[in-house]
Amino acid sequence: MNGDEQLLRGRVYGRDHDDPDPGPQPGRTYAELVGGPLDGLLLDIHGWMPEEVDEGVALTTELGRWPGGRALYDPRPGGQRAEGPGVACRFYYTGDTP
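First things first, this report covers the structure right here in the doc. (Residues numbered from 1 in each chain as written. Predicted model: local features only at pLDDT ≥ 70, side-chain atom pairs only at ≥ 80, totals over all residues. Heavy atoms only, no water.)

1. A look at the sheet that holds strand E1 (residues 29–34)
The strands that make up a sheet are held in pairs by hydrogen bonds between backbone atoms, and each pair lies either parallel or antiparallel. The mixed open sheet is built from five strands, whose spatial order is E2-E1-E5-E4-E3. Each edge of the open sheet carries a strand with a single partner, namely strand E2 (42–44) and strand E3 (57–61). Along the sheet, successive strands turn relative to each other by an average axial angle of 40°, direction set aside. Examined bridge by bridge, strand E4 (residues 69–74) and strand E5 (residues 86–97) share five bridges and lie antiparallel to one another. Paired with arginine 70 across the bridge in E5 is threonine 97. (Pairing = 2+ DSSP bridges. Helix = DSSP H or I, 4+ residues; strand = E, 2+ residues; numbered from the N terminus. Axes fitted to C-alpha atoms, helices over the stretch in contact; angles between N-to-C directions.)

2. Examining the pattern of salt bridges
A complete count under the given rule lists three salt bridges for this structure. A salt bridge links aspartate 44 to arginine 28, with the shortest nitrogen-to-oxygen separation between them at 3.0 Å. Taken as a pair, aspartate 44 in strand E2 and arginine 28 in the loop between helix H1 (3–8) and E1 lie far apart in primary sequence, 16 residues in all. Glutamate 32 is the partner of arginine 90 in a salt bridge, and the nearest nitrogen-oxygen pair spans 3.1 Å. One end of the pair, arginine 90, is in strand E5; the other, glutamate 32, is in strand E1, and 58 residues separate them in sequence. (Salt bridge = Lys/Arg side-chain N within 4 Å of Asp/Glu carboxyl O.)

Have a look at this one:
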């Protein structure tokens, strides 16, 4: 694991790397991002409806194929989801878009 990967692992997407507490917060629900430029980050999905989770996400990043573009992450069909706070599911990298 290189330095950039270590910086990202366990951090919540959208929080600054120099945030004094960039990790998950108690009582919140997260999806773990797997693969691609945001591998290891957590995405706060607290309060999302199941159909919103099923749609996946396009997340802005400077680390993808197109800096300032979006990395696409989707749940796997039939993927498991946990109830309640913590890491509830995983979103897998499916590509980049400008």
